[in-house]
Amino acid sequence: MRNAASEMAQPETPNDQTAVRRDRRHALDQMPPPPPPPSLPRHLRRRRFSTAPASHHPPSSARAAEQHCLRLLVRFSTPAAVLQSLAFLLKSGLHSNPLVLTRLFASTASAAPSLLEPLVAALLGPSVPIDAFLVNTLIRAHATSPLHSARLRAAAFFPLMLRSAVLPNKFTFPFLLKACAALPGSPGVGLQAHAAALKFGFATDQYVSNTLIHMYSCFGGGFLGDVRNLFDRMPKSSAVTWSAMIGGYVRGGLSSDVVGLFREMQASGVRPDEVTVLGVLAAAADLGALELAQWVGQFVEREAIGKSVTLCNALIDALAKCGDVDGAVAVFQGMEERTVVSWTSVIDALAMEGRGKEAVGLFEEMKTAGVPPDDVAFIGVLTACSHAGMVDEGRGYFDSMKMEYGIEPKIEHYGCMVDMFGRAGMVERAMEFVQTMPMKPNPIIWRTLVAACRAHGRLELGENITRNLVNEYPVHEANYVMLSNVYALTQRWKEKSEIRREMSKKGIKKVPGCSVVELEGEVHEFIAGDESHPQWKEIYMMVQEMARELKSIGHISATSEVLLDLDEEDKEGALQWHSEKLAIAFVLLRTPPGTQVRVVKNLRVCLDCHAAIKCISQVYNREIVVRDRSRFHRFKNGSCSCNDFW
């Protein structure tokens, strides 16, 4: 990346105009062609061919017409007003005025996004004088559009600037790099944009550098090394720079590195702003790091950082995902202004804890407060009904979406209903529901149904569904794992081995179970049977002690969960080293009696671990909170908050 950029960064000489034009045309050739824009309605499309000013507007009135048109463009806020202003613009012969067009495109982007592309296609003709202000506006308007097709076209306006021999300025590249960050697939356009920033001497500008960090972090984990190198070479006197790097780590899946980076930022004396706090809260939510989330909440209070609705919503989300639902509710209750996102975040938090009645009560309170639920809020309340076994209530809410609020259920809502029927043991009802869906079920819905079949003994139906999944989606590891597990449950070890060999042949690997705990500001990660932790010997000894204590109170391992052809003793040994048990043993070793244990797992907690953790909470008199990939389990005095309904 840097070598290519350096080659393009050679300075121009004033007399080498031919080389400049050649370089610009080369950069233009490398840019992908934009998709064809939609066209204007026919009655407006005819106007684009009138290129001469209207005869009834003499030159003396041109300035007045321009000013009047600009005033119209500032005021309008609806698509109808856009079209009225467009009519005046065409009638006044201002369709080649770059200032008026710039204002038109900027205002259309916010007031009528769907009209932006056809207007640009109709009005941006050869007669329009191109300047940096106009092109910057076009890039920004398209890059920030809610329409995917417009965002795809944003970067394609930079070649227009090069082709018109217009020099970019310091505002061009932040807009351009943000547009490149949103492009799917190959990052080649972004690399070229970086090279152009170097060539024109703007790569060291702080705003450009910050946007470069954002762009490369959006390209995925393979570029995070380059992002960090870029960050390390920058002057870091601004919170914006630190926030860009923190956001890059979160997007790149390196939330554990955010904690250390945030400490570096504080040590450097740079005061975090709201954007920084939002990034750290996102990392805390991802890690389930409650201490960090609570500390950030205290930090916001102490530093008097403005508690905007966005920040409060992020704090609610982080506390909820870290298991402090009561803390999330307290933040919600202290908010002066609440949006539907605020309500939905708390409903989701209660749903993940299995507190279905409270979630439903809050949903009803939201409606009473005059906040109409959106489709996301309905996902929250349906999830709450699913996890709490409230089938009748869930069916009522599903029916009310369209009948009372005119919201067409999406596939996610249908997935919630399948999950709800499956958890309640209504496998046949779930299957009928899937077959009557108005859209094709996605793999997630089928896998949800297979999980219900496995939980309720419908293994033959589960096998048929999983075989179809493997045939239709042959590269997804979850389908192979589910079919392998069905074979193991029916003790068909030969078929299980064949599936595993097929996975190996195709390079498909099962995602290993991983558990994370936060202790004294550090995040510790455990994988089943892992010996990489510095204290692994003490941890393993503690696990063995836990096993002896559980046997003494009559706990029997659920060896049916070991889907391997082993004898009972070996199966018990395999269960003993699951990642959540290693994580719990570590916390028991490192904390005084009575301290709460908090674990985050990337997969669903298995039946044996669920039963074992209930016993551990009783034997060691600890409250143990486990967040798996779908919900929270709060173990206390030998029972779980899910009431074994998960």
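For clarity, every value in this text was computed on a predicted model and none was experimentally measured.

Q: Explain the overall build of the chain here, please?
A: When its secondary structure is counted, the chain shows 34 helices and six strands. When burial is assessed residue by residue, the chain has 50% of its 646 residues classed as buried. Summarising the internal contacts of the chain: among those between residues at least 6 apart in sequence, 65% fall at separations of at least 24. Per element, the accessible surface of the chain, about 30600 Å² overall, is 53% carbon and sulfur.

Q: Is there a simple way to think about helix H4 (residues 62–75) in this case?
A: The end-to-end C-alpha distance of H4, which contains 14 residues, comes to 20 Å, matching closely the 20 Å that a straight helix rising 1.5 Å per residue would cover. Taken residue by residue, H4 has Ala65, Glu66, Cys69, Leu70 and Leu73 as its buried positions. All buried residues of H4 fall inside an arc of 135 degrees around its axis, so they share one side. Seen from the buried face of H4, the exposed residues on the opposite side, beyond 90 degrees, are Arg63, Val74 and Arg75. Where the residues of H4 are buried, they touch helix H5 (79–91) and helix H6 (98–111).

Q: Looking at this structure, how should I read the packing of helix H26 (residues 427–435) against helix H27 (residues 443–455)?
A: Two quantities define a packed helix pair, namely the angle between the axes and the distance from one axis to the other. Where H26 meets H27, the closest approach of the two axes is 10 Å, and the angle between their N-to-C directions is 165 degrees. Classified by the angle their axes make, H26 and H27 are roughly antiparallel. The element H26 and its partner H27 pack so that their crossing is left-handed. Residues Val427, Ala430, Met431 and Val434 of H26 touch H27, and the partners they reach there are Ile445, Trp446, Leu449, Ala452 and Cys453.

Q: Sorry if this is basic, but what is going on with the pairing of strand S2 (residues 522–527) here?
A: Along a regular strand, successive side chains alternate from one face of the sheet to the other. Judged from the six bridges that link them, strand S1 (residues 514–519) and S2 form a sheet pairing that is antiparallel. Bridge pairing in S2 links Val516 to Glu525. Turn length for the S1-S2 hairpin, with the two strands adjacent in sequence and antiparallel, is two residues, and the turn residue Glu520 shows positive phi of about 55 degrees.

Q: Would you explain the nonpolar core in this entry?
A: In summary, soluble globular proteins display a tendency toward joint burial of nonpolar side chains. Formed by 150 residues in total, the largest nonpolar core has its most connected members in Leu89, Leu104, Phe105 and Phe173. Here this core gets nine residues from one element, more than from any other, and that element is helix H19 (residues 309–321). Sequence-distant contacts of Phe105, that is, excluding residues within four places in its chain, are made with Leu116, Leu119, Val120, Leu123, Leu134, Leu138 and Ala141. The next biggest cluster of nonpolar side chains, apart from the first, holds 31 residues, and it includes Leu519, Tyr540, Ala583 and Cys609.

Q: Please clarify how the UniProt feature "repeat: PPR" (unreviewed entry) in the chain should be interpreted in this entry.
A: Under the present numbering, the feature "repeat: PPR" (unreviewed entry) in UniProt falls on residues 238–272, 308–338 and 339–373. Across residues 308–338 one finds 71% helix and 0% strand; the C-alpha atoms that close the span lie 10 Å apart.

Q: Would you take a moment to explain the packing of aromatic side chains for this structure?
A: Each aromatic ring pair is summarised here by two numbers: the centre-to-centre distance and the angle between the ring planes. Tallied over the entire structure, the rule returns 19 aromatic pairs. Ring centres of Phe363 and Phe378 lie 5.3 Å apart, and the angle between their planes is 65 degrees; this geometry places the pair in the edge-to-face category. Linking Phe363 in helix H22 (residues 356–368) with Phe378 in helix H23 (residues 375–387), this pair joins segments that are 15 residues apart in sequence. The same class applies to Phe363 and to Phe378, which are both buried.

Q: Which parts of the structure should I look at to understand helix H34 (residues 607–619)?
A: Since there are 3.6 residues in each turn of an α-helix, residues three or four apart along the chain are aligned in direction. Its 13 residues place the ends of H34 19 Å apart at the C-alpha level, agreeing with the 18 Å of an ideal helix rising 1.5 Å per residue. Along H34, the residues that are buried comprise Asp608, Cys609, His610, Ala612, Ile613, Lys614, Cys615, Ile616 and Ser617. Positive phi shows up at Asn621, right after H34, with a value of about 50 degrees.

Q: Is there a simple way to explain the pairing of strand S4 (residues 624–627) in this structure?
A: Across the two faces of S4 the burial is the same, with Ile624 and Val626 and Val625 and Arg627 all buried. Direction of pairing for strand S3 (residues 597–601) relative to S4: parallel, over a ladder of four bridges. Its bridge partner being in S4, Arg598 is matched across the sheet by Val625. Handedness of the crossover joining S3 and S4 through H34: right-handed. Relative to strand S5 (residues 632–636), S4 is paired through four bridges, and the arrangement is antiparallel. Paired with Ile624 across the bridge in S5 is Phe635. Linking S4 to S5, which pair antiparallel, is a turn of four residues.

Q: Just to check I follow, could you spell out the environment of Ile465 for this structure?
A: Position of Ile465 among the secondary structure elements: in helix H28 (residues 459–472). Using a relative accessible area of 6% as the deciding quantity, one classes Ile465 as buried. Between the alpha carbons of Ile465 and Asn479 there is a distance of 9.7 Å; along the sequence they are 14 residues apart. With residues near it in sequence (within four places) discarded, Ile465 still touches Met431, Trp446, Leu449 and Val450.

Q: How do you make sense of the pattern of salt bridges when you look at a structure like this?
A: Where side chains of opposite charge bring their charged atoms close, a pairing between them can arise. Summed over all chains, the structure comprises 19 salt bridges. The partner of Glu117 in a salt bridge is Arg153, and the shortest N-O contact between them spans 3.9 Å. Of this pair, Glu117 sits in helix H7 (residues 113–123) while Arg153 sits in helix H9 (residues 148–153), and the two are 36 residues apart along the sequence. Each member of the pair Glu117 and Arg153 is classed as buried. Across the salt bridge formed by Arg458 and Glu428, the nearest N and O atoms sit 2.4 Å from each other. Here Arg458, found in the loop between H27 and H28, pairs with Glu428, found in helix H26; they are 30 residues apart in sequence, far enough to count as distant.

Q: It is not clear to me how the sheet that holds S3 should be interpreted in this structure. Could you clarify?
A: Strands belonging to one sheet form pairs held by backbone hydrogen bonds; the direction of such a pair is parallel or antiparallel. Taking strand neighbours across the sheet as the criterion, the six strands line up as S2-S1-S3-S4-S5-S6 in an open arrangement whose pairing is mixed. The open sheet has two edge strands, S2 and strand S6 (639–640), and neither has a second partner. Sheet strands in contact with H34 are S4, S5 and S6, and its direction is about 40 degrees off that of S5.

Q: Can you help me understand unusual backbone geometry in this one?
A: Residues other than glycine predominantly adopt negative phi, and peptide bonds predominantly adopt the trans conformation. For Ala304, which is not a glycine, the phi torsion comes out positive at approximately 55 degrees. Note that Ala304 resides in the loop between helix H18 (290–302) and H19. The class of Ala304 is exposed, set by a relative accessible area of 63%. The phi dihedral of Asn621 falls on the positive side, at around 50 degrees, and the residue is not glycine.

Q: Where do I start with the state of the cysteines in this structure?
A: A covalent bond between the sulfur atoms of two cysteines is referred to as a disulfide. This structure, assessed with the given rule, holds zero disulfides. Of all cysteine sulfurs in the structure, the one in Cys416 sits closest to Cys385, which takes part in no disulfide; the separation is 9.7 Å.

Q: Hey, could you run me through the side chain of Asn136 in this one?
A: One can find Asn136 in helix H8 (residues 132–143). The exposure class assigned to Asn136 is buried, which follows from its relative accessible area of 4%. The contact partners of Asn136, leaving out residues within four places of it in the chain, are Met161, Asn169, Phe171, Thr172 and Phe175.

Q: For this particular structure, what's the right way to read the packing of helix H13 (residues 206–218) against helix H15 (residues 239–251)?
A: Between H13 and H15, the shortest axis-to-axis distance is 8 Å and the interhelical angle comes to 5 degrees. Here H13 is positioned roughly parallel relative to H15, judged by the angle of their axes. On the side of H13, the interface is formed by Gln206, Asn210, Ile213, His214, Ser217 and Cys218, while H15 contributes Val240, Thr241, Ala244, Met245, Gly248 and Arg251. A per-class count over the contact of H13 with H15 returns five nonpolar, six polar and one charged.

Calculation notes
Residues numbered from 1 in each chain as written. Predicted model: local features only at pLDDT ≥ 70, side-chain atom pairs only at ≥ 80, totals over all residues. Heavy atoms only, no water. Helix = DSSP H or I, 4+ residues; strand = E, 2+ residues; numbered from the N terminus. Buried < 20%, exposed > 50% of the residue type's maximum accessible area, 1.4 Å probe, protein only. Contact = heavy atoms within 4.5 Å. Areas by Shrake-Rupley, 256 points an atom, 1.4 Å probe, with all protein chains shown as cover. Expected span 1.5 Å × (residues − 1). Arc of directions from axis to C-beta. Axes fitted to C-alpha atoms, helices over the stretch in contact; angles between N-to-C directions. Parallel < 35°, antiparallel > 145°, perpendicular 65-115°, else oblique. Left-handed = near helix turned anticlockwise from the far one by under 90°. Pairing = 2+ DSSP bridges. Core = buried A, V, L, I, M, F, W, Y, C linked by side-chain atoms within 4.5 Å. UniProt positions renumbered as here; feature names shortened; annotations may be inferred. Phe/Tyr/Trp six-rings, centres within 6.5 Å; stacked < 30°, edge-to-face > 60°. Right-handed = clockwise from strand over helix to strand, strands pointing away. Salt bridge = Lys/Arg side-chain N within 4 Å of Asp/Glu carboxyl O. Disulfide = S-S within 2.5 Å. Nonpolar A, V, L, I, M, F, W, Y, C, P; charged D, E, K, R; others polar.

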